[in-house]
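Each chain is listed here by its residues.
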Amino acid sequence: MKLNARDASRYFAKPDPSRTGILIYGPDAMRIALKRQELIAALIGPQGEEEMRLTRIPGASLRKDPAQLVDALKAVSFFPGPRVAFVEDATDAAAPAILAALEDWAQDDAQLVVTAGQLKASSKIRKAFETHSNAYAVGIYNDPPSREEIEAELNKAGLQNIDREAMTDLTNLSRELDPGDFRQTVEKLALYKYGDTSAATSEDVAACAPLSTEAALDDVLNIVAEGRPGEIGPIMMKLQAQGTQPVGLCIGATRHFRALYTAASDPGGAAQGIARMRPPIFGPRRDRMLRQAQGWGAAKLEQALTILTDTDLQLRSAGQNAPAMALVERALLRLAMLARR
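The model shown is predicted, which means the values in this text are computed figures rather than measured ones.

### What to know about the sheet that holds strand S4 (residues 111-116)
The five strands are arranged S2-S3-S4-S1-S5 in an open sheet whose pairing can be described as parallel. Across the chains shown, the open sheet's two edge strands, defined by having one partner strand only, are strand S2 (54-58) and strand S5 (135-139). Taken pair by pair, the neighbouring strands of this sheet meet at an average axis angle of 15 degrees, ignoring direction. Alignment of strand S3 (residues 84-90) against S4, held across five bridges, turns out to be parallel. Across the sheet, the residue bridging to Ala 85 is Leu 112, located in S4. Across the face of the sheet, helix H2 (residues 29-44) comes into contact with strand S1 (21-25), S2, S3 and S4 while running at roughly 170 degrees to S4.

### Describing the packing of aromatic side chains
Centre-to-centre distance and the angle between the planes together describe a pair of aromatic rings. One pass over the full model with this rule turns up two aromatic pairs. With a centroid separation of 5.0 Å and 75 degrees between ring planes, the pair formed by Tyr 11 and Tyr 136 is classed as edge-to-face. A residue pair is termed long-range when its members are at least 10 positions apart, and Tyr 11 in helix H1 (residues 5-13) and Tyr 136 in strand S5 qualify at 125 residues. Just as Tyr 11 is buried, Tyr 136 falls in that class too. One cation-aromatic arrangement involves Lys 300 over Trp 296; the distance from NZ or CZ to the ring centre is 5.6 Å.

### What to know about the nonpolar core
Judged by nonpolar contacts, the single largest core of 39 residues is most densely connected at Val 220, Met 236, Leu 249, Phe 257, Trp 296, Leu 332 and Leu 335. Ignoring sequence-local partners within four residues, the contact set of Met 236 consists of Val 220, Leu 249, Met 325, Glu 329 and Leu 332.

### Topic: helix H6 (residues 147-157)
Taken as a whole, H6 has its buried residues at Ile 150, Glu 153 and Leu 154. For H6, the angular spread of buried residues about the axis comes to 95 degrees, placing them on one side. Buried-residue contacts for H6 involve helix H7 (164-176) and helix H8 (179-192). Count one or two residues on from H6 and you reach Gly 158, which has phi positive near 85 degrees.

### Considering the packing of helix H12 (residues 246-264) against helix H14 (residues 283-316)
Where H12 contacts H14, the two axes come as close as 7 Å, and the packing angle between them is 145 degrees. Handedness of the crossing formed by H12 with H14: left-handed. When its residues are assigned to classes, the contact of H12 with H14 shows 20 nonpolar, five polar and four charged.

### Comments concerning a nonpolar patch on the surface
On the surface, Met 52, Phe 78 and Phe 79 cluster together into a nonpolar patch covering about 380 Å² of accessible area. Relative to the helices and strands, Phe 79 is located in the loop between helix H3 (67-74) and S3. When its relative accessible area of 35% is taken as the criterion, Phe 79 is described as partly exposed.

Conventions and cut-offs
- Residues numbered from 1 in each chain as written.
- Predicted model: local features only at pLDDT ≥ 70, side-chain atom pairs only at ≥ 80, totals over all residues.
- Heavy atoms only, no water.
- Pairing = 2+ DSSP bridges.
- Helix = DSSP H or I, 4+ residues; strand = E, 2+ residues; numbered from the N terminus.
- Axes fitted to C-alpha atoms, helices over the stretch in contact; angles between N-to-C directions.
- Contact = heavy atoms within 4.5 Å.
- Phe/Tyr/Trp six-rings, centres within 6.5 Å; stacked < 30°, edge-to-face > 60°.
- Buried < 20%, exposed > 50% of the residue type's maximum accessible area, 1.4 Å probe, protein only.
- Lys NZ or Arg CZ within 6 Å of the ring centre and 35° of its normal.
- Core = buried A, V, L, I, M, F, W, Y, C linked by side-chain atoms within 4.5 Å.
- Arc of directions from axis to C-beta.
- Left-handed = near helix turned anticlockwise from the far one by under 90°.
- Nonpolar A, V, L, I, M, F, W, Y, C, P; charged D, E, K, R; others polar.
- Patch = residues over 30% accessible without salt bridge, like charges linked within 9 Å, V, L, I, M, F, W, Y side chains within 5 Å.
- Areas by Shrake-Rupley, 256 points an atom, 1.4 Å probe, with all protein chains shown as cover.
- Salt bridge = Lys/Arg side-chain N within 4 Å of Asp/Glu carboxyl O.

Structure (structure tokens):
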């Protein structure tokens, strides 16, 4: 039988031990691994593997020894409790062994859990699970998690007090991060809020979210966008000492000002434009960029992007003799002065 995404999420959290088994397949190995871990933990409990109630079988080994799967289903553990026979990375080469196991399965046997990559509709394994009256087949795809799945992750981590803006930030973050990275972020947020009964805020999410690759440039970009030319010289010396490349700095500035322009020119206003940013912008950084976009306005931001484009062309010109970092610093000074007009 096929399970849709909503029913599958509920089944992974609370599986039925009387079922023959389940096939989890799809293109993203990380997503499949996380769902499989959740399912097996719910079936056999946290001590199940230590109590030898989990048998792992690589899918490739079933071609040489197909009988080992049926043996794993029938084997009796020294410890009481439900058992799982887990076949990892199965392909249709393992189909004869898996189909035989489905046919031979009886009550009190271990539950069969099979994971696979992308399987065509004509796959023998997929067809066998989809048409079986007591087994399930679930396709896991790269769809963003539902609100129900996000709330399940939060509850699992012990986070139940989340304000509305923080929940919006977490929803946006779940669409940008891999499932494993998002789960780590939620766990980090739970640790960050440990012992704190107040609601988690956007600032808390921003403190726990993975840092942007441009985080090192944020200071100079904010100085420029907020019209503080007197502070540019010292921070440029620091960036140069850290090995920051002029072209990289120019690209980072262009990206920042393009984001401001996108926000400032949004028909729904700068706030709505910032909310639509991908990847999402969180907490104090979002508020700061909103103020910058509103302060500059679309017209001045067009001028800023022209200055940065001209500077980038100069940096890439074969006949350019001026020091590259000096060119970038001059452009940033011009932008900072433009911000003050």
